[in-house]
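Examining the three-dimensional arrangement
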Amino acid sequence: MDSQLNTRTGARPGAGPAPAGTPRIVGAVWGLLVLNTLGSAGAKTIVPLPRSLIQMVTMGALVAAFALALAVNLRLRIRPSAYLLLLTLLLVSSVISSANLESGFGALFRCFRLALFIGTLWLLSRWWDGSLTFVRHHIRAYFAVLGSVAAGLVVSPGAALPDLYGGRLVGALWPLTPPQIGQYAAVIIGLTVLLLLGGRTDRTSAVVVIVPSFVLLALTHTRTATLGLFLGLALAIGSLILTSAAARRFFTWAVLCGAVAAVGFASALQTWFLRGQSKENFSSLTGRAKVWDALLAAPRSTSEQLLGVGLGDKSFGGLPIDNSWLAVYNEQGLVGVTLVAVVVVVLGAVALLRPPSLQRACAVFLIGYCAIASYTEAGLGDASPYLLHLALAASLLAAPAAPAPPSAPEPPRRSEVT
């Protein structure tokens, strides 16, 4: 697949000199960031893994990622990035809100983790040139994660489809929840479809990624990931329709197939979508709405409203918040909500201002997916896959670096007359 993902970048006036090339170690750093954001809580695995061991692995991956990024960028060359600047401001506000230890010492540890995460992205920004290099790294890393999920399903179907989760697919080798698996599958499906439409990968390679990933997505019964995939792709392909005949053909066929599926398989789709839930449970978003109402009704001081209570485990009253905006409001206050909103708005505005291209379409898909998923998933305010998806979007929207100008030849020296 690598040979089909060659980058095609141009130069823009005013951009800095382009680096000689992206070192292979950068791909390893990106993979370590993906490993760090997998988390330590999830389903029971075939071989029980102590949470302390999982946390050691994930945190060790982040430390290793930062060390490798520093080693490959010893001169600390970075590119200006509004996205990373806003994340840095979010980190500062998080440290201030966590300093009172209202959420315990764990809040300061989470701030340290977020600092390493953002620092690593700053070091990698040197190679953010609007190419598809990091898209390839993203697909590779998450496809490897899905490979472990598929391996767990083959080894122990009972552990991978436990009754505790209603028969939904979980990680049997590494503790991954259905929403996590659904998110990873949806993101790489969307990116691979766009690469196929842009002619950056062949059909065989695309099928190898898309088909198994879609099967895993279906087994997770994750509605948020499915809606995010289809709506995100609709936005991305819509940005290509005027300039790409392949995008127009794909959109037409997708609409026709969707209409046929809606008519012929309406009952099956409804059953899959409801997951056996009652209308009351479905209308309350599987109990999420009750947690949200309690969080908003809880009394707060002025400082808690502005800065929050500090970074925590994205829960309230012992229950998961499952909403990025409310989780940020709870932990980082109105200041954090404002910064996260500015991140999404700025990335979206930059994407709209870019001329139609495959890179822009991939960025639109990622931004759209994260915006949709933020309603029922937390993660926009802390080191998470969502911030990594948006970092990829930022790298795609970065202005290509201009090649270094050739050095002028030295004038011939005149011989001295003695």
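Our structure's up above, just so we're on the same page.
Along each chain, numbering runs from 1 in the same order as the chain's sequence is written. In view of the model being predicted, local features appear only for residues whose pLDDT reaches at least 70, and side-chain atom pairs are presented and counted only at 80 or more, with totals across whole chains, interfaces and linings using the full set of residues. Side-chain calculation: all heavy atoms of the structure are included, whereas hydrogens and water are not.

Description of the overall build of the chain
Which entries qualify depends on this criterion: Put simply, DSSP marks the helices as runs of H or I at least four residues long and the strands as runs of E at least two long, and each gets a number from the N terminus on. For each residue, the accessible area found with a 1.4 Å probe, counting protein chains only, is set against the maximum for its type, and the residue is called buried under 20%, exposed over 50%, and partly exposed in between. Note on contacts: a residue pair is in contact if any heavy atoms of the two residues lie within 4.5 Å. All accessible areas in this document rest on Shrake-Rupley with a 1.4 Å probe, and a residue is counted as covered only by the protein chains that are shown.
Helices and strands together make up the secondary structure of the chain, namely 17 helices and two strands. In the chain, which comprises 418 residues, the proportion classed as buried is 47%. Here the analysis covers contacts within the chain between residues at least 6 apart in sequence; of these, 78% occur between residues at least 24 apart. Accessible surface, the chain as shown: approximately 19,900 Å² in total, 68% of it carbon and sulfur.

Focus: the packing of aromatic side chains
Put simply, the test is: We call Phe, Tyr and Trp rings a pair once their centres come within 6.5 Å, taking the six-membered ring for Trp, and we label the pair stacked below 30 degrees between planes, edge-to-face above 60, and tilted otherwise.
This structure, assessed with the given rule, holds four aromatic pairs. Judged by centre distance (5.4 Å) and plane angle (70 degrees), the rings of Trp292 and Tyr375 are edge-to-face. Of the two residues, Trp292 sits in helix α13 (residues 288-297) while Tyr375 sits in the loop between α16 (358-373) and α17 (385-397), which places them 83 residues apart along the sequence. Residue class for Tyr375 comes out partly exposed when judged on its relative accessible area of 46%.

With respect to the nonpolar core
Selection criterion: By nonpolar core we mean a set of buried residues, namely Ala, Val, Leu, Ile, Met, Phe, Trp, Tyr and Cys, connected to one another through side-chain atoms within 4.5 Å.
Core analysis: the largest hydrophobic core is formed by 101 residues, its most contacted members being Trp30 and Tyr83. Considering each element in turn, this core owes the most residues, twelve residues, to helix α7 (residues 178-197). Counting six residues, the second largest nonpolar core, distinct from the first, contains Trp292, Ile321, Leu326 and Ala327.

Some points on a nonpolar patch on the surface
Heads up, the rule is: Every patch collects residues that have over 30% relative accessible area and no salt bridge, joining them within 9 Å if they carry like charges and within 5 Å if they are nonpolar side chains (Val, Leu, Ile, Met, Phe, Trp, Tyr). Think of a salt bridge as a Lys or Arg side-chain nitrogen and an Asp or Glu carboxyl oxygen that are within 4 Å of each other.
Together, Ile46, Val47, Leu49, Leu53, Met56, Val57, Val154, Val155 and Leu173 make up an exposed nonpolar region whose accessible area comes to about 800 Å². Of all the secondary-structure elements, those providing two or more residues to the nonpolar patch are α2 (51-72) and α5 (133-155). At three residues, the largest contribution of residues to the nonpolar patch is made by α2. Mapped onto the secondary structure, Val57 falls in helix α2.

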